[in-house]
Amino acid sequence: MRIIFRIVFIAFFTATIILLVRLSEIETSFKHGGKLSRASRHVPDPDTINTADNTVVDQRRFIIQMMMHAWNNYKLYAWGKNELKPMSKRAHLSSVFGAGELGATIVDGLDTLYLMGLHDEFREGRDWVAEHLHINEIDSDLSVFETTIRFVGGLLSCYALTGDTMFKDKAVEVADALLPAFDTPTGLPFALINPSTKASRQYHWAGPNSILSELGTLHLEFTYLSDVTGRDIYRQKVNRIREVLNNIDKPGDLYPNFINPRTGQWGQRHMSLGALGDSFYEYLLKAWLVSGGADEQARIMFDTAMQAALDKMLRVSPSGLAYLAELKYGRIIEEKMDHLSCFAGGMFALASTTLDNSLSERYMDVAHKLTNTCHESYARSDTKLGPEAFRFSGAVEARAQKSNEKVYLLRPETFESYFIMWRLTKQQRYRDWGWEGVQALEKHCRVEGGYTGLVNVYHQNPQGDDVQQSFFLAETLKYLYLLFSDDSFLPLDEWVFNTEAHPFPIKGKNPLYREAPKPVPLEPANDENNRI
Ligand code: DMJ
């Protein structure tokens, strides 16, 4: 009798536990607006982050509050426009996306809201996208690159996280509007496209050329879009770019920043891991990572180029700071590093830990050193925020010299490297440096109407530039938030961040990849006419 009672009790207890787990899965799934599926436990849920360390919990909460401040002010003063002018409290009409109503801040910021558990705000943004994002109505030139990384990337990330097919459909609409730019003799796209007239052109300052970092930073978005839609067209476009870049002669194994899409010839032989080159190299590594290792060509191209970059661009200042200089015809022309290149610390660390090869140790050493230099560029300014570019000449180290180099545009790259370095090395200094950054943003960039960039980081009371960049919500705040999250929240072996910090699931490892079923090939009809 006692045994029967025990069995009944255990069965009842187990059933109750199963029911409770199921209910919490339903609740989680409902909160995220997605359908309950086997994949639901892979959806990152900030409410379930388990951290014993209260300080870190408070730091995360603080960053969520920063996101609310940026979002609420955008909503109040610039809703539906691309960006906010936080000091004049109106829309910023001369952003890279112009004056059209594309809601760049909404699309770029949505996945950050989702990851922070800001569900009401996420829902408002989602509904705006569903009702108002109509790219084909835009009658002005859009950058193929910026539209891909912020819009296609942001929408695909939201699709992966939620399974809401509206996001996938909108990503298709946006990518289709960009396709006419690829109609060139080589298949390398022009830089700009007018979605309404379908006319493409280049930037005036680039002559007949397209830019390496732009045409080389479409691969993740277009490949993933093909996989979730089953439409091969997008993959074909970026595979063609890859083929051209793989086959072309590369001076000293590096890639110049300008290439003519009509002739397939390099333009001026300027090479850099900063502006104009940066994310092309980042995407070689990440194309390999997000494919779950299948895209071996990308990793080979990455390692070959990085071996050359480390040999030719990496320099060490008299006081021992490592930096990446810029080259022309294989020679150093500028002893200067862009803030944009500060992503490289994180990139080298990822490269080091994901493949054990002859470069792995060097990659990690360089990752630490470059991230340290970028931190120095912050630490040596009066605001503790880093300049747009910093130089090494004579007694000057890691400081801007020209006035256009002294600005801080709310950029994320240094915080991005802190986040990756923290996850991969667990050295406390990366979190400490991130927190210094949060305090500096609060002190100098926060204004009543949002967050502004700065005109001169070497002033104690710097003037604002009156722009709240959309990547501040997409990247800067997301990377800071992730820096204070647990490793299990968007784990780096399941997710890869596009260059705008939109997380993409890794194929074959993350069930949120949501690949479309392969179309079933039609059976050939069995009649005389079909004989070949
Ligand atoms: C972002 O749009 C992306 O990170 C891009 O790769 C470089 N520029 C900005 C942020 O600085």
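Conventions we followed
Residues numbered from 1 in each chain as written. Predicted model: local features only at pLDDT ≥ 70, side-chain atom pairs only at ≥ 80, totals over all residues. Heavy atoms only, no water. Helix = DSSP H or I, 4+ residues; strand = E, 2+ residues; numbered from the N terminus. Buried < 20%, exposed > 50% of the residue type's maximum accessible area, 1.4 Å probe, protein only. Contact = heavy atoms within 4.5 Å. Areas by Shrake-Rupley, 256 points an atom, 1.4 Å probe, with all protein chains shown as cover. Near = heavy atom within 4 Å. Polar contact = N/O pair within 3.5 Å; in protein donor to acceptor, adjacent residues only side chain to side chain. Pairing = 2+ DSSP bridges. Salt bridge = Lys/Arg side-chain N within 4 Å of Asp/Glu carboxyl O. Core = buried A, V, L, I, M, F, W, Y, C linked by side-chain atoms within 4.5 Å. Disulfide = S-S within 2.5 Å.

### Topic: the overall build of the chain
- Each helix and strand in the chain was counted, giving 16 helices and 19 strands.
- Taking all 532 residues of the chain together, the buried fraction comes to 60%.
- Partitioning the intrachain contacts of the chain with sequence separation of at least 6 by distance along the chain shows that 67% fall at a separation of at least 24.
- Entry remark: accessible area of the chain is about 22,200 Å², with carbon and sulfur atoms responsible for 53%.

### Points about the site of the ligand
- The environment of the ligand is formed by Ile-149, Arg-150, Leu-340, Arg-411, Pro-412, Glu-413, Phe-471, Glu-475, Thr-499 and Glu-500.
- A distance of 2.6 Å separates an oxygen atom of the ligand from a polar side-chain atom of Glu-413.
- In this structure, Thr-499 approaches the ligand through a side-chain N or O atom, which is 2.7 Å from an oxygen atom.
- Protein chains shield 92% of the accessible area of the ligand, which is 290 Å² for the free molecule.
- Within the residue set of the shell around the ligand, elements represented by two or more residues are α5 (144-162) and α16 (470-483).

### Brief notes about helix α12 (residues 344-354)
- Across the 11 residues that make up α12, a large majority, 9, are buried.
- Restricting attention to buried positions, one finds in α12 the residues Ala-344, Gly-345, Gly-346, Met-347, Phe-348, Ala-349, Leu-350, Ala-351 and Ser-352.

### Some words on the pairing of strand β12 (residues 331-334)
- With 3 bridges joining them, strand β11 (residues 326-328) and β12 adopt antiparallel strand pairing. For Leu-327, the partnering residue across the bridge sits in β12 and is Ile-332.
- From the end of β11 to the start of β12, which pair antiparallel, there are 2 residues, and Tyr-329 there has a positive phi angle of about 50°.

### Quick look at the pattern of salt bridges
- Scanning the model with the defined rule gives 35 salt bridges in all.
- Ionic pairing is found between Lys-336 and Glu-326, a salt bridge with its closest N-O pair at 3.1 Å. Note that Lys-336 is positioned in strand β13 (residues 336-338) and Glu-326 in strand β11, a separation of 10 residues in sequence. Across the pair, exposure class does not vary: Lys-336 and Glu-326 are buried alike.

### Points about the nonpolar core
- One finds Leu-245, Met-306, Phe-348, Tyr-408 and Leu-441 to be the most contacted residues of the largest nonpolar core, which totals 157 residues.
- With 11 residues, α5 is the largest single contributor of residues to this core.
- Excluding its chain neighbours within four sequence positions, the residues that come into contact with Phe-348 are Met-306, Leu-310, Tyr-363, Val-366, Ala-367 and Leu-370.
- Counting 6 residues, the second-largest nonpolar core is a separate cluster that includes Ala-191, Leu-192, Tyr-203 and Phe-258.

### Points about the state of the cysteines
- With the rule as written, the count across this model stands at 1 disulfide.
- Cys-342 shares a disulfide with Cys-374; S-S distance 2.1 Å. For the disulfide bridge between Cys-342 and Cys-374, the dihedral angle about the S-S bond is near -90°, and by the sign convention the bridge is left-handed. Residue Cys-342 is found in the loop between β13 and α12, and its partner Cys-374 is found in helix α13 (residues 360-379); the two are separated by 32 residues along the sequence.
- By relative accessible area, Cys-342 is classed as buried at 2%.
- A relative accessible area of 1% means that Cys-374 is categorised as buried.

### Regarding the environment of Val-438
- By the secondary structure assignment, Val-438 is in helix α15 (residues 428-445).
- Residue Val-438 is classed as buried on the basis of its relative accessible area, which comes to 1%.
- Val-438 has contacts with Phe-62, Ile-63, Met-66 and Leu-480, leaving out every residue within four places of it along the chain.

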